[in-house]
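Per-entry structural report
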Amino acid sequence: MLPLRPAINQSDYSINLASPDDPSEELTLPLTVVAMALCDDILLCNFPKCRTKLSGFAWVTACSHVFCDQHGSGEFSRSPAICPACSSALSGKLDIVRTELSPSEEYKAMVLAGLRPDVVLDISARALAFWSYQVHQEHMYQEYSLSRAEAQLKQMDKVLTQQNQSRELELNGIRGEITSMKKVMEDYKRKYSEVSERLMERNRQYQKLQGLYDSLRLRNMVVGVGDRDVLPQPVHHDFNTGVARQGTPQRSPQFLSVGHEGDSRFFSCLEAEGAKTFFQFSSPAKERGRPFMKKH
């Protein structure tokens, strides 16, 4: 798209430029005002992947695009030359110009020398129109980038809000599970405490019964030994007098008078079969049935 050709008003040296808000409208501004308003802007390379600030030399096209020296030299060395920005064919001799952005004072003094004032103003107006178009395009590109960034930001904010809501639901579910697990843990602690108390009570009852059992067993052993202290002696027949005499009762050995260690050894021998073997005595009835003298 070519910029509007500025109309030169030689009376007040004003220029008609396209309005940035509406390209169909024109704005009439003095040349000095336009030059001062645009001098703060810096042109950028119109190559899509470059967009670096221009310095030194630049390539300017008839379709009002400008490129850095690197991309301009690479793109316009082919034939036919095509604009990388708008794909316009650049077949004219002056459709592509390599220009110096910071010309010397000698160049500035001689480039327009000898030209009529209206030609000089026409050239200046065209140059300002080119600069204004570049600045306007750059502003439009920045606004487009800003709107695109805002749209992406809104989309990301929407996605972030959805993710936050999803995470909040997950957190609420996890909090509910934690609360239920705490209740279960408290229940288990209570049950464990009750079981521990019952177990301790059973242990105390077991210890008490064990003590009673040991004391009863010890008392039974002592009573059994006391009953066997006095043993009946067999009756001896005196063949001379024919009178049966009963022997004097004799006490069994005093097993309980040997002290604490002796008591423990004594009662240890009474366990199981040892007690039966230790207290086996001959029955008097069996002794009566046996003949005292053998017949020859």
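Sequence order as written defines residue numbering, which begins from 1 separately in each chain. With pLDDT at 70 or above as the cut-off, local features in this predicted model cover only qualifying residues; side-chain atom pairs require 80 or more to be listed or tallied, and sums for whole chains, interfaces and linings still use all residues. Excluding hydrogens and water, the side-chain values take into account all heavy atoms of the structure.

**Structural notes on the confidence of the model for the protein chain**
Residue-level confidence of the predictor is summarised by pLDDT, bounded by 0 at the bottom and 100 at the top. On average, residues of the protein chain score 75 in pLDDT, and 62% of them reach the 70 mark or higher. Confidence scores differ between elements of the protein chain, with strand β1 (residues 8-9) showing the lowest mean pLDDT of 43 and strand β5 (residues 66-68) the highest of 94. When checking whether two residues touch, look at their non-hydrogen atoms; a contact exists if any pair is within 4.5 Å. Counted against residues more than four places away or in other chains, residues 1-13, with its pLDDT under 50, gives 31 contacts. Below pLDDT 50 for its whole length, residues 33-38 participates in nine contacts with residues either more than four positions away or in separate chains. Numbering goes from the N terminus for both helices and strands, where a helix is a DSSP run of H or I of at least four residues and a strand is a run of E of at least two.

**Here's the deal with the packing of aromatic side chains**
In this scheme Phe, Tyr and Trp rings, the latter by its six-membered ring, pair at centre separations within 6.5 Å, and the angle between planes marks the pair as stacked below 30 degrees, edge-to-face above 60, and tilted otherwise. With the rule as written, the count across this model stands at two aromatic pairs. Ring centres of F67 and F76 lie 5.6 Å apart, and the angle between their planes is 75°; this geometry places the pair in the edge-to-face category. Note on accessibility: F67 and F76 belong to one class, buried. Whether a charge sits over a ring depends on NZ of Lys or CZ of Arg being within 6 Å of the ring centre and within 35 degrees of the ring normal. Above the face of the Y141 ring, R51 is positioned so that its terminal group lies 3.9 Å from the ring centre. Directly above the ring of F57 sits R98, whose terminal nitrogen or CZ lies 4.1 Å from the centroid. A simple rule labels every residue: compare its accessible area, found with a 1.4 Å probe on the protein chains alone, to the largest value its type can have, and call it buried under 20%, exposed over 50%, or partly exposed in between.

**Topic: the side chain of E75**
Note on placement: E75 falls in helix α2 (residues 69-75). Engagement of the side chain of E75 in a polar contact is seen with the side chain of R78, the distance being 3.3 Å. Contacts of E75, omitting those with residues within four sequence positions, involve F47 and P84. Side-chain atoms alone can form a polar contact between residues adjacent in sequence; in general such a contact is a pair of N or O atoms within 3.5 Å, and within protein one must be able to donate a hydrogen while the other accepts it.

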